[in-house]
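Chain by chain, the residues run as shown.
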Amino acid sequence: MMQREKFIERGLLLLALSSIGSLALITIFIFIEGFPLILSTGLKNFILSSHWAPTKGHFGILAMIISSVLVTLGAMVIGVPLGLSCAIVLAEFSPKRLKMVLKPTLELLAGIPSVVYGFLGVIWLVPLIRNYLGGPGLSLLAASIILGIMILPTVISISIDALTAVPDLYRDGSLALGATRWQTVSRVVLPAASSGIITAIILGMGRAIGETMAVIMVAGNALQIPTSVLDPVRTLTSNIALELGYAAGRHREALFATGIVLFVIIMILNLSATLITRRR
Amino acid sequence: MRLDPHTTQRLVKALLWAFTGFTLLILIFIIVDISIKGLPQVTPGFLSQDSTDMGRAGGIFPTIVATAYITALAILLASPLGVGTAIYLTEYTREGWATRIIRFGAECLAGVPSIILGLFGFVLFVLKLGFGWSVLSGGLTLAIMVLPIIIRTSEEAIKAVPQDYRTACLSLGMSQWQTVTRIVLPSALPGITTGIMLSVGRSLGETAVLLFTAGAALRTPVSLFDSGRTMAVHFYILAREGISMPNAYGTAAVLVISILVINVVAYTLMQRLMRRYS
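Residues numbered from 1 in each chain as written. Chains lettered and ligands numbered in written order. Predicted model: local features only at pLDDT ≥ 70, side-chain atom pairs only at ≥ 80, totals over all residues.

Caption draft 1: Spatial organisation of the overall build of chain A. Of regular secondary structure, chain A possesses 14 helices and 2 strands. Projecting the C-alpha coordinates of chain A onto the three principal axes gives extents of approximately 70 × 70 × 30 Å. Counting only contacts in chain A whose residues sit at least 6 apart along the sequence, the fraction spanning at least 24 positions is 74%. (Helix = DSSP H or I, 4+ residues; strand = E, 2+ residues; numbered from the N terminus. Contact = placed C-beta atoms within 7 Å.)

Below you can see the structure in the form of C-alpha cells.
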C-alpha cells in the first residue's frame with residue numbers, strides 16, 4: 001500500500017513537471033534555431049540596424065523593435081486608464097450585486113479571439129482614422145487602440161484582485177477621519193494596492209507586445225521607423241508571422257532570432273511581474 | 001483654486017463611470033456588430049456544406065471538423081497533465097522549491113505569446129518530428145498553450161474542497177490516493193470542467209499557433225496527419241485576403257457566439273462550486 005502511494009506520488013510529480021518541461025523545450029528550440037544567426041550577424045548588427053533585407057543577407061530588426069515598443073506604449077496609454085477606471089469602479093464604487101454582473105461581463109472581452117479584434121479594427125477603426133486624421137488608416141494608432149482594448153481584461157481582473165485584497169480596516173480608518181470615498185481610494189487604497197496594479201500593467205504590456213494577428217491586420221506592416229502615429233508599422237510579431245510561411249535557410253533563422261528577442265523581452269516582463277507580486 | 005473634496009469626488013466618479021460605460025459599450029458593440037452581420041449567414045447549409053471556391057461560396061463544415069478535431073486532441077493531451085499537476089501541487093506535496101519551480105513554469109508558460117508557441121510547434125512537430133502541417137502538430141502545440149489554464153483552474157477548484165472532507169476520509173482508513181479519487185476530485189469536478197471549457201474557448205479562437213502547425217488546407221481532415229484549417233484561421237484568411245466579407249462575418253458569428261456561450265457556462269459552473277463550499 002505504501003509503495004503504491006509512493007509510486008503514485010512519483011507519477012504525479014512527472015505530470016507536474018510537464019509545464020516547466022515544455023517551457024524548457026520551447027526555450028531550447030527557439031535558441032537552437034535562432035541563436036547561430038545572432039552570433040554570425042553580431043548582436044549589435046542584429047538589434048541596432050534597421051536594414052532588413054533577408055534575401056540579401058541583411059538582418060537588422062531595429063525598426064521592428066521600435067515599432068513593437070511604440071505600439072505597446074500606445075496600448076498602455078489607451079488601456080491602462082480605461083482598465084484602471086473599470087477596476088476602481090467595480091471594486092470601490094459599485095454595489096455588490098452590480099459587481100457580480102459587471103465583472104464577468106467585462107471578462108468576456110478576454111474570450112473574443114484576436115482575429116475578431118483585428119477584423120473589426122479594419123472594418124470600423126481604420127476608415128475612421130483614414131477619413132478624419134489622414135494617412136493610410138492602417139497605422140501605429142490603429143494598432144495601439146486595438147491592443148489597448150485587448151489588454152483590458154488582463155488589467156481589469158488583476159487590478160480588481162489587488163484592490164479587493166486591501167483590508168477594509170484601511171478604508172474604515174480613512175473614512176472615520178472624515179475623508180471622502182475618493183480621498184480614501186486615491187490616498188489609501190490605491191497606494192496600498194500599487195504593487196498589484198503595477199503587476200497588472202506589466203502583464204498587460206506582455207500581452208500587447210506578444211500579440212500578433214490583430215496587429216498584422218491593422219498596423220499596415222510597412223518596414224520603417226515611424227515618424228507619426230499615423231504611419232504604418234511592422235512589429236516583431238507581425239514580421240515573424242508574415243514571413244515564416246515562405247522563409248528558408250538564414251531567413252528562417254533570422255525569424256527565430258527575432259523570436260528570441262521577443263521571448264527575452266516577455267520573460268523579463270513576466271519575471272518582474274512575478275517578483276513584484278512575491279515581494280508583496 | 002482648490003475644489004471642495006465632495007465636488008472632486010463627484011467629478012472623478014462621473015469620469016470613472018464614463019470610462020467603465022465606454023468599455024462595456026465596446027464589448028456590446030463587438031457582439032452586436034458580429035451578430036447582426038454574421039447571424040443571417042448562418043444557415044443549416046452554412047454549417048453542414050463543404051467550402052467551395054476558396055471559401056467564397058458554400059459552408060464551413062471542414063473548418064468545424066478541423067476545429068473540433070484539433071481542440072479535442074489538445075484537451076485530451078492537456079487535461080491529464082494539468083489535473084495531475086494540480087493534484088500534485090495541492091494534495092501530494094508541501095510548499096517548497098519543487099512547487100515553486102512548477103508554479104513558475106506554469107506562470108511563464110501562460111505568458112508565452114502564441115507566435116512563439118507557433119514557432120516552437122513549427123520547428124519541433126512540423127519539421128523535426130516530421131508530422132508536417134497536421135491536426136497532430138496543431139493539437140500538440142495547443143495542448144501546451146492551454147496547460148496553464150487547466151492547472152490554474154483545477155488547483156483553485158481542488159483548494160475549494162473543504163479540508164474536513166479529506167480528514168474524514170483519511171480517518172476512515174482510506175489511502176491518500178483513494179481520498180483524492182473518490183472524494184476530492186468528484187467534489188472539484190465542476191471547477192475542473194470550468195478549466196477544460198475555458199481551454200476549449202481559448203483553442204477555438206487561436207490563430208497564430210495553428211497557422212504554422214496545422215496549416216490551412218480547406219479539406220475535412222480525416223487522419224491525424226492531415227492538415228486542417230480551423231474556423232479562426234479560415235476567418236482570418238477570408239478577412240485578410242478579402243475573399244468574402246459575408247462569409248467572414250458568418251464564420252466570426254459562429255466562432256464568437258460559441259466562445260461566449262462556453263465561457264458563460266464555465267463561469268457559472270465555477271461560481272456554483274465556490275458558493276457551495278464557502
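Caption draft 2: Seen up close, unusual backbone geometry. Positioned with a positive phi, A:Asn221 is a non-glycine residue whose angle comes to about 60°. Looking at the secondary structure, you find A:Asn221 in the loop between α12 (213-219) and α13 (236-243). Phi is positive for B:Met54, close to 60°, though the residue is something other than glycine. Relative to the helices and strands, B:Met54 resides in the loop between β1 (51-52) and β2 (57-58).

Caption draft 3: A look at helix α3 (residues 61-91) of chain B. In a regular helix each residue adds 1.5 Å, so 31 residues correspond to 45 Å; α3(B) covers 43 Å between its end C-alpha atoms and thus fits that length. Approximately 30° is the largest bend angle found in α3(B), and it occurs at B:Ala78, with the proline B:Pro80 only one to four residues beyond. (Expected span 1.5 Å × (residues − 1). Bend = angle between axes of the 7 residues up to and from the residue.)

Caption draft 4: Examining the interface of chain A and chain B more closely. Every contact between the two is made by 61 residues of chain A and, on the other side, 68 residues of chain B. Per-element accounting of the side of chain A that touches chain B gives the leading share, 9 residues, to helix α2 (residues 18-41) of chain A. Within the side of chain A that touches chain B, the residues separate by chemical class into 41 nonpolar, 16 polar and 4 charged. (Nonpolar A, V, L, I, M, F, W, Y, C, P; charged D, E, K, R; others polar.)

Caption draft 5: The arrangement of the nonpolar core in detail. All names here are of chain A. In terms of nonpolar packing, the biggest core is built from 173 residues, with Ala142, Ile146 and Val218 touching the most fellow members. Considering each element in turn, this core owes the most residues, 15 residues, to helix α4 (residues 62-93). Sequence-distant contacts of valine 218, defined by excluding residues within four places in its chain, comprise Gly118, Gly121, Val122, Leu125, Val126, Leu138, Ala142, Ala143 and Ile146. (Core = buried A, V, L, I, M, F, W, Y, C linked by C-beta atoms within 7 Å. Buried ≥ 20, exposed ≤ 12 C-beta atoms within 10 Å, placed from the backbone.)

Caption draft 6: The confidence of the model for chain B, seen in detail. Of the residues in chain B, 100% have a pLDDT of 70 or more, and the chain-wide mean is 93. Scoring the predicted complex yields pTM 0.94 and, for the interface, ipTM 0.93. (pLDDT = per-residue confidence, 0-100.)

Caption draft 7: How the structure looks around the environment of B:Ile26. Following the sequence through the fold, B:Ile26 ends up in helix α1 (residues 5-38). Sequence separation between B:Ile26 and B:Pro246 is 220 residues; the distance between their C-alpha atoms is 22 Å.

Caption draft 8: Representation of the packing of helix α8 (residues 176-205) of chain B against helix α11 (residues 245-277) of chain B. All names here are of chain B. Closest axis-to-axis distance for the α8/α11 pair is 8 Å, and the angle between their directions is 165°. Taken together, the axis directions place α8 and α11 in an arrangement best described as roughly antiparallel. At the point where α8 passes α11, the crossing takes the left-handed sense. Of the residues in α11, those touching α8 at Pro190, Gly191, Thr193, Thr194, Met197, Leu198, Val200, Gly201, Leu204 and Gly205 are Leu255, Ser258, Ile259, Ile262, Asn263, Val265, Ala266, Leu269, Met270, Arg272 and Leu273. Here the contact of α8 with α11 is built from residues that sort into 13 nonpolar, 7 polar and 1 charged. (Axes fitted to C-alpha atoms, helices over the stretch in contact; angles between N-to-C directions. Parallel < 35°, antiparallel > 145°, perpendicular 65-115°, else oblique. Left-handed = near helix turned anticlockwise from the far one by under 90°.)

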